[in-house]
Amino acid sequence: MMPYTFPSEFERGSQAQREATGLVHEQVPQAKEAFTCLMPPTLREVLEGLLDEAVREINEEDQESSDHARDLYLHDDETVHMALRKEAISLVPYLLYKYCSSRPVTEMEMLNRVTGGYQHYFSVILDKASVCMQLLFGIELKEVDPIVHTHVLGIAAGITYDGILSHVLGMPKTGLLIIILCIIFTEGNYATEDVIWQVLSRMEVYPDREHFLYGNPRKLLMEDFVWEQYLVYQQVPGSDPTVFMFMWGPRAYAETTKMKVLEHWAKFSRIDPRSFASLYDEALREEDGENTHDDTL
């Protein structure tokens, strides 16, 4: 697989990922090194930056209460940023509740949950909360009525599975699934088990440790995602010692596309996905029907 060259603007995506992880970590109690040479260096640095900065912000996050943040002066730019971030935090569990109960949400309902002094910044607050919902949970907020500004929450990238059992309370798992599909795509349409876990370790997602969002990560990947046919898990042909790999499963190919996965990530870097030239070309060929998925190495 040829190395990819990414514009420096892609680093802006790290801010979105960092904020998204910090938002959820403040709402839910908390539950490394570099990638292998299989990952192209420039892409490795991009993903490593996204995930490593997310973990760093978790560790550095201040523990001040949201009540104190509301009392801070708005003339300080950094203070404004932190205050709005706190407001976005308070909106996230409400949006999750709306999603899990399959109910739409109006702009007025969301605005009423924002402290009066910050309602002027509602669009910024909603943007931060939406980034969190999509990057970590794989849930999109879409406006369906522009008159009363009604929104619905649905699973991103065309996927129909969220990993929540009907009889068990839990968090949507689609965000992690999209991350894994992205890793596989950028690795050349297959990724060894070691590469997957090394990447996920940047999010403090470890195979042998319960995660505050995703539960048992090993079970989620190697049983649930495989059982649901989003992932294929098999031995690398001819490997000695034995090495196992993940590939997209038939349900992933049926429900989403490489373009949707690429766009899911590119939107948060605020650049055109065409900037990822080689990846974009491959995804475009698939969209045009010129390149069907290949399960061979």
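Residues numbered from 1 in each chain as written. Predicted model: local features only at pLDDT ≥ 70, side-chain atom pairs only at ≥ 80, totals over all residues. Heavy atoms only, no water.

> Before we go on, may I ask you to explain the overall build of the chain in this structure?
From N to C terminus, the chain includes 12 helices and 6 strands. Looking at the chain residue by residue over its 297 residues, the buried ones come to 50%. Of the accessible surface of the chain, which amounts to about 14500 Å², a share of 51% is contributed by carbon and sulfur atoms. (Helix = DSSP H or I, 4+ residues; strand = E, 2+ residues; numbered from the N terminus. Buried < 20%, exposed > 50% of the residue type's maximum accessible area, 1.4 Å probe, protein only. Areas by Shrake-Rupley, 256 points an atom, 1.4 Å probe, with all protein chains shown as cover.)

> Before we go on, may I ask you to explain the nonpolar core in this structure?
Side chains of a nonpolar character, in soluble globular proteins, are inclined to be buried together. Ranked by internal contacts, the top residues of the largest apolar core, which has 63 residues, are F137, I180, I196, L200 and L221. Apart from the residues lying within four places of it in its own chain, the contact partners of I180 are I196, L200, L221, F225 and L231. (Core = buried A, V, L, I, M, F, W, Y, C linked by side-chain atoms within 4.5 Å. Contact = heavy atoms within 4.5 Å.)

> Looking at this structure, I do not really get the sheet that holds strand β5 (residues 231-235). What am I missing?
Within a sheet, adjacent strands bond to each other through the backbone by hydrogen bonds, running parallel or antiparallel. With respect to topology, 3 strands assemble into an open sheet ordered β4-β6-β5, the strand pairing being antiparallel. The open sheet has two free edges, formed respectively by β4 (191-192) and β5, since each of these has just one partner strand. Pairing of β4 with strand β6 (residues 244-248), which is carried by 2 bridges, proceeds in the antiparallel orientation. Bridging across to β6, T192 finds its partner in M245. Sheet contacts for helix α9 (residues 217-227): β5 and β6; angle to β5, the most-contacted strand, approximately 120°. (Pairing = 2+ DSSP bridges. Axes fitted to C-alpha atoms, helices over the stretch in contact; angles between N-to-C directions.)

> Can you help me understand the packing of helix α8 (residues 193-200) against α9 in this one?
In contact at an axis separation of 12 Å, α8 and α9 are set at 140° when each is read in the N-to-C sense. As the angle between them shows, α8 and α9 are arranged oblique. Both α8 and α9 take part in a crossing whose hand is right-handed. Residues E193, I196, W197 and L200 of α8 form the contact with α9, whose own contacting residues are P217, R218, L221 and M222. Of the residues assigned to the contact of α8 with α9, the class counts are 6 nonpolar, no polar and 2 charged. (Parallel < 35°, antiparallel > 145°, perpendicular 65-115°, else oblique. Left-handed = near helix turned anticlockwise from the far one by under 90°. Nonpolar A, V, L, I, M, F, W, Y, C, P; charged D, E, K, R; others polar.)

> Sorry if this is basic, but what is going on with helix α6 (residues 122-137) here?
Three or four residues apart is the spacing at which side chains of an α-helix point the same way, because the helix has 3.6 residues per turn. End to end, α6 covers 21 Å across 16 residues, agreeing with the expected 22 Å (1.5 Å per residue, within 8%). Among the 16 residues of α6, 12 are classified as buried, and the element is accordingly described as predominantly covered. Along α6, the residues classified as buried are F122, I125, L126, K128, A129, V131, C132, M133, Q134, L135, L136 and F137. Backbone geometry just downstream of α6 places G138 in the positive-phi region, at approximately 70°. (Expected span 1.5 Å × (residues − 1).)

> I would appreciate a short explanation of unusual backbone geometry in the present structure.
Outside of glycine, negative phi angles account for most residues, and trans bonds account for most peptide bonds. Cis geometry is adopted by the peptide bond preceding P241, which originates at D240 and carries an omega value of 5°. Position of P241 among the secondary structure elements: in the loop between β5 and β6. Within the chain, N189 stands out as a residue other than glycine whose phi angle is a positive 80°. Mapped onto the secondary structure, N189 falls in the loop between α7 (174-186) and β4.

> Got a minute to help me understand the pattern of salt bridges in this structure?
Pairs may arise between side chains of opposite charge once their charged atoms sit close together. Counted under the stated rule, the structure contains 7 salt bridges. Note that D224 and K219 form a salt bridge whose closest N and O atoms lie 2.9 Å from each other. On the basis of relative accessibility, which here comes to 22%, the residue D224 falls in the partly exposed class. Note on K219: relative accessible area 36%, which makes it partly exposed. Taking the shortest distance from any N to any O, the salt bridge between E282 and K258 comes out at 2.9 Å. Taken together, the residues E282 in helix α12 (residues 277-287) and K258 in helix α11 (residues 258-266) connect sequence positions 24 residues apart. Look at E282 and you get buried, because its relative accessible area is 11%. (Salt bridge = Lys/Arg side-chain N within 4 Å of Asp/Glu carboxyl O.)

> Just to check I follow, could you spell out the sheet that holds strand β2 (residues 139-145) for this structure?
Strands sit in the order β1-β3-β2 across an open sheet of 3 strands; the sheet is antiparallel. Bordering the open sheet on either side are β1 (105-106) and β2, each of which pairs with just one other strand. Relative to strand β3 (residues 150-155), β1 is paired through 2 bridges, and the arrangement is antiparallel. Note that in β3 the partner of T106 across the bridge is T150.

> Can you walk me through the pairing of β6 in this structure?
Both faces of the sheet carry side chains from a regular strand, because those side chains alternate between them. Counting buried positions along β6 gives 4 out of 5 residues, so the element sits mostly inside the fold. As judged from the 5 bridges shared by β5 and β6, these two strands associate in the antiparallel manner. Bridge pairing links L231 to W248 in β6.

These figures come from the coordinates and say nothing about function on their own.
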